[in-house]
Amino acid sequence: MTAASDRLELSRLVHRFGLGPKPGEYLQLLAGGIPQARAKILARRSDPGLNALVTPPFPTMGQAPSDPTASAAYWKEVYDQSVSVAMWWMDRMVLADYPFVERMTWFWHGHWATSISKVTYALPMKIQNDTLRTHALGNFKDMSRAMVRDGALIFWLDGEENVAYSPNENLGREFMELFTLGVGNYSQSDVHQAALGFTGYNVDQTSGAVTFDPKLHDNDKVSVLGKRQVFDAVTLSDWIVSRPENATFIARRLWFRFISSSIEPPASLSKVFENRDISPLINSIARNPAMRRPQYSQAKSPVEWFVSACRALRVTPSKLPSSGAVSWYLDSMGQFPFNPPSVGGWPYDEAWLTAAATQYRINLAYYLVQNGHIDALTSVPKSKMVQAAADWLGVAQWSVRTERSLNQAVSDSARLALLALNAPEYLVNA
Amino acid sequence: MSPCDFNRRQFLKYTGAATIAATLSMQDVAQAASVTPLPLGTPILVIVTLYGGNDGLNTVVPYLDPAYLSNRPDMSLDASEVIPLSDSLALNGTMTGFASLWTANKLAIVLGTSYPNPNLSHFSSMAIWQSGSPIEEISSGWIGRYLDSLPRDPFRAIGVGSTLTPLLAGDHRVGSMVPISGLQVPNGSLATQLELLAVSSTQDSELIADAAGSVGDLFSLSSTLTPVLQNAPPTSATPLAQQLDVVANMITANVPTRVYSVSLSGFDTHADELSQQNVLVGQVSDAITAFLTQVGTTARANDVVVMVYSEFGRRVEANGGEGTDHGTSAPVFVAGNRVAGGFYGEQPSLTNLVQGDLAVVVDFRDVYASMLEDVLGADADKILNNWSTKLDLITPVS
């Protein structure tokens, strides 16, 4: 008999550090014990699940043609690419046998939240996504250096408008407030002077290519957070990331999204991030005793719910009959990859648990079950189907309420799957 | 910016609200809604949030002020591009609807509105406006605390959209969200089984109780709202107008709702501001004027008050990209038949700046107190943490 606390901890490991179990995976991991399961989930190794996945081309679109017919085709292609880049990424999340890197990339996308609603073109977003994946478990200093020279991010925050003779504060402010230090750890003067340090970078919007123009860069000394020198984007990023507040801020952000949005992390957590290495920090979080304590529940965001459902149902998002349906449902629920509502990223927990989102989720779940595989349920006798659903989906334990609902559907396994995917214990990772 | 972008950790904690929701059966609420329609003459507040920081100076324009023109050489509006309201202030020329409300004495413009020591972060400043608490960081929205003061009712405050608007989240109660397209629920045995998932359980954590509650709310809201919304789907073209169409339909159907929340994003105009902001404030003016005109033809004409705010105004001086960076105070609009039209507060000086930005003339809590006391009949002192002053924006019912 497995301890309930093991089922809880494993449920958190597979849903928060992975992206939900594939069929059979939860019981298999449970049998091996938590230490082995944790090691597998946090492992980084070549991923056979991704072997078959072909990355679609995202060619540079160049300038829009003026001819009306050609222009319509051009903008249709731009739109189609914006959907297909998101479907491509969700395919990766779903197909990965070791989804930890994709899970971390997803976190960093919400952290450096950049939206295609302004960037417009898929290619710069794809380049940024590759950058975030490269550094997802690397060193934050390197990640930040790469991001301050990332075309999509610079364009998103008006960096190409930020020139020495007339600075634009958008990138300088959000860099300190949302990406590196947190609000309250800098002054308005620091924002202004940091903006000067970030001047001089031009972006080609369609390709995301970044060039540095020394004539547009402020070559005077500026004073940021007590240090006065001539900065460029890299030296400025290095200086700000070296501040002790950066360690606390990033540690809290990870804790917030992986463990709890309402209970503070232990004060010691940021110590493992002293060198700005992300891997020891996230590993420390995954090993924290909070992982076994009941009060640290978290709601799944719509994309997290969708990806975990696809993994369970062995559905490849881009192979569903309609990518348009998927993007419409996820948009209606409030979350689509590459399209965060603002530079602050997506909301969390209770914000997703609305009546409005519920109706779209029920319909999307129905669509997924229709197009997916539920042999995890059809292969067991009716008397064991409700428990099999918990094991299949990696749910620690159904409540009595949910068992009562699921028990009404044991003669219709597709119905049972639909209900299980909408059960409170699946929407919220206990 | 968009709804729910907050970095305040505790903002969305509304313990227990959904647990209570789940104990109301679909029949209970449907019956309550049809048996207790909102009585005629009950004031209704419609809150319009402009996300991103609307540029107050290009909305209510000091069009003759030399400092306005010199600070914004390529992005000021000249006399031909504005609608003068006084010898110093004018509306952005796209806001013809608001100009007509002004002429009819139904538009109050509260100048220089913000709070002490304005915060230039979108997220912090919007959290301050939505929590109604500039000094102390608190975890609930000001309308959420209004809901806290009353018995639980999923209809009392409704936001249009899918994700919860933080201003509707109280400590114990929470407003409901309804998408523009309305709510549709399955029927038959699936409905029965889904409703079983909404039953509260003593095993539930707070979040799991909220998840169960959201399933239950879908059924309770849908049973009342679906007929209302299906009869008149939104016909307007712009996002704000569509949201207000939904609100107008609910109001005219006597849905027992006292507060509606709608929003428009896109006001963070760091670059190429003129082309974007003119369009956006024009949409705000058109949508609200059309909405008031629509309810103005009904028996609820005198019941509706609209309040429009953004998290901050913008810097006086343009930046290099013909845009403006984050600023401080800006006008708040309050519109409706019962509104005492005119200017409140005064236009802050464009030359005598406070730390490089416009001074704060009116504290937004003076506006909120008026909405709470004179529209919602609530106790503003309590909801706004002992705030004791208010503007007289609403004409008392004679």
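Now for a description of the structure that goes with this document. By convention here, each chain's residues receive numbers from 1 onward along its written sequence. Here the convention is simple: chains get letters from A, ligands get numbers from 1, in the order in which they are written. Note on the predicted model: pLDDT of at least 70 is required for a residue's local features to be given, and 80 or more for side-chain atom pairs to be given and counted; whole-chain, interface and lining totals, by contrast, use all residues. Water and hydrogen atoms were dropped before computing side-chain values, which therefore reflect all heavy atoms in the structure.

What to know about the overall build of chain A
Part 1 of the argument: Per the secondary structure count, chain A includes 22 helices and six strands.
Part 2 of the argument: On C-alpha atoms alone, chain A measures out to a radius of gyration of 23 Å, which is about the 22 Å that the 2.2 N^0.38 rule sets for 430 residues.
Part 3 of the argument: Dimensions along the principal axes, computed over C-alpha positions, put chain A at roughly 75 × 60 × 40 Å.
Part 4 of the argument: Within chain A, buried positions represent 63% of all 430 residues.
Part 5 of the argument: In this analysis, two residues are considered to be in contact whenever any of their non-hydrogen atoms come within 4.5 Å of each other. Across chain A, the fraction of contacts at a sequence separation of at least 24, relative to all contacts at a separation of at least 6, is 73%.
Part 6 of the argument: In summary, the charge assignment counts Lys and Arg as positive and Asp and Glu as negative, without counting His or the chain termini. A single reference atom marks each charge: NZ on Lys, CZ on Arg, CG on Asp, CD on Glu. Within chain A, the 39 negative side-chain charges are centred at a point lying 8 Å from the centre of the 41 positive side-chain charges. In this text, helices come from DSSP runs of H or I with a minimum length of four residues, and strands from runs of E with a minimum of two, each type numbered from the N-terminal end. Only C-alpha atoms enter the radius of gyration, while the globule expectation follows 2.2 Å times N to the 0.38, with N the number of residues. Relative accessibility decides the category of a residue: with a 1.4 Å probe and only protein chains considered, values under 20% of the type maximum give buried, values over 50% give exposed, and everything between is partly exposed.

Overview of the pairing of strand E9 (residues 304–310) of chain B
Residue and element names in this part refer to chain B.
Part 1 of the argument: Where burial is concerned, most of E9 is hidden: seven out of the seven residues are buried.
Part 2 of the argument: Burial along E9 is two-sided: the face carrying Val 304, Val 306, Val 308 and Ser 310 and the face carrying Val 305, Met 307 and Tyr 309 are both buried.
Part 3 of the argument: Pairing analysis gives seven bridges linking strand E1 (residues 44–50) to E9, with the strands arranged parallel. Residue Thr 49 lies in a different strand from E9, and its bridge partner there is Tyr 309.
Part 4 of the argument: Here three bridges tie E9 to strand E10 (residues 330–335), and the two strands are oriented antiparallel to one another. From the neighbouring strand, Val 306 faces E10, where its bridge partner is Ala 335. The pairing criterion for strands is at least two bridges between them, as found by DSSP.

Regarding the side chain of Arg311(A)
Residue and element names in this part refer to chain A.
Part 1 of the argument: Among the structural elements, Arg 311 can be located in helix H15 (residues 302–313).
Part 2 of the argument: Although buried, Arg 311 forms no salt bridge, and the nearest oppositely charged side chain, Glu 25, lies 4.1 Å from it.
Part 3 of the argument: Apart from the residues within four sequence positions on either side, Arg 311 is in contact with Leu 19, Gly 20, Pro 21, Lys 22, Pro 23, Glu 25, Met 93, Val 94, Ala 96 and Pro 99. We define a salt bridge as a contact between a side-chain nitrogen of Lys or Arg and a carboxyl oxygen of Asp or Glu at a distance within 4 Å.

Let's talk about the interface of chain A and chain B
Part 1 of the argument: Chain A puts 68 residues into the contact, and the matching count from chain B is 62 residues.
Part 2 of the argument: When two components associate, each loses some accessible surface as probed by a 1.4 Å sphere; the sum of these losses over both components is called the buried area. In total, chain A and chain B occlude about 5000 Å² of area from one another, counting both sides; carbon and sulfur atoms represent 56% of this.
Part 3 of the argument: Summed over the three residues of chain A that lose the most area to chain B, namely Glu350(A), Gln359(A) and Arg401(A), the buried surface amounts to 14% of that side.
Part 4 of the argument: The interface formed by chain A and chain B includes two salt bridges.
Part 5 of the argument: Of the charged contacts, one joins Arg401(A) and Asp204(B) as a salt bridge, the two residues approaching to 2.6 Å between their closest N and O atoms.
Part 6 of the argument: Polar contacts, as counted here, are pairs of nitrogen or oxygen atoms within 3.5 Å of one another; within protein the pair requires one atom able to donate a hydrogen and one able to accept it, and residues that are adjacent in sequence qualify only if both atoms are side-chain atoms. At the junction of chain A and chain B, the tally comes to 15 residue pairs in polar contact (both at pLDDT 80 or more).
Part 7 of the argument: Counting only elements with at least two residues in the side of chain A that touches chain B, the list comes to helix H10 (170–180), helix H13 (244–258), strand E5 (298–299), helix H16 (323–333), helix H17 (355–370), helix H20 (400–407), helix H21 (413–421) and helix H22 (424–427) of chain A.
Part 8 of the argument: Per-element tally for the side of chain A that touches chain B: the top contributor is H17(A), with eight residues.
Part 9 of the argument: Three classes are used: nonpolar for Ala, Val, Leu, Ile, Met, Phe, Trp, Tyr, Cys and Pro, charged for Asp, Glu, Lys and Arg, and polar for all others, with Gly counted as polar. Split by residue class, the side of chain A that touches chain B holds 31 nonpolar, 22 polar and 15 charged.

So, the nonpolar core
Part 1 of the argument: For our purposes a nonpolar core is just a set of buried Ala, Val, Leu, Ile, Met, Phe, Trp, Tyr and Cys residues, chained together by side-chain atoms within 4.5 Å. Among the nonpolar cores identified, the biggest contains 209 residues, and Phe17(A), Trp108(A), Phe306(A) and Phe291(B) are the most heavily contacted of them.
Part 2 of the argument: Top element by residues in this core is helix H8 (residues 206–231) of chain B. It accounts for ten residues.
Part 3 of the argument: When residues of this core are sorted by domain, at least three fall in each of domain 1 (244–292) and domain 2 (297–429) of chain A.
Part 4 of the argument: When sequence neighbours within four positions are dropped, the list of residues in contact with Trp108(A) reads Leu132(A), Ala136(A), Phe140(A), Met143(A), Ile250(A) and Ile278(A).
Part 5 of the argument: By size, the runner-up hydrophobic cluster in this structure holds 46 residues, among which are Ala108(B), Leu164(B), Val334(B) and Tyr344(B). Per the annotation, domain bounds derive from an automatic or database assignment of domains.

Here's the deal with the pattern of salt bridges
Part 1 of the argument: Within the structure shown, the criterion is met by 28 salt bridges over all chains.
Part 2 of the argument: In this structure, Arg252(A) and Glu264(A) form a salt bridge, with 2.9 Å as the shortest nitrogen-oxygen distance. One end of the pair, Arg252(A), is in helix H13; the other, Glu264(A), is in the loop between H13 and helix H14 (278–286), with twelve residues separating them in the sequence.
Part 3 of the argument: The exposure class assigned to Arg252(A) is partly exposed, which follows from its relative accessible area of 32%.
Part 4 of the argument: When the shortest N-O distance is used, the salt bridge between Arg72(B) and Asp55(B) registers 2.6 Å. Of this pair, Arg72(B) sits in the loop between helix H3 (66–71) and strand E3 (82–84) while Asp55(B) sits in the loop between E1 and strand E2 (60–61), placing them 17 residues apart in sequence. Of the two residues, Arg72(B) and Asp55(B), neither departs from the other in class, the shared state being buried.

All we've got here are geometric facts, nothing functional implied.
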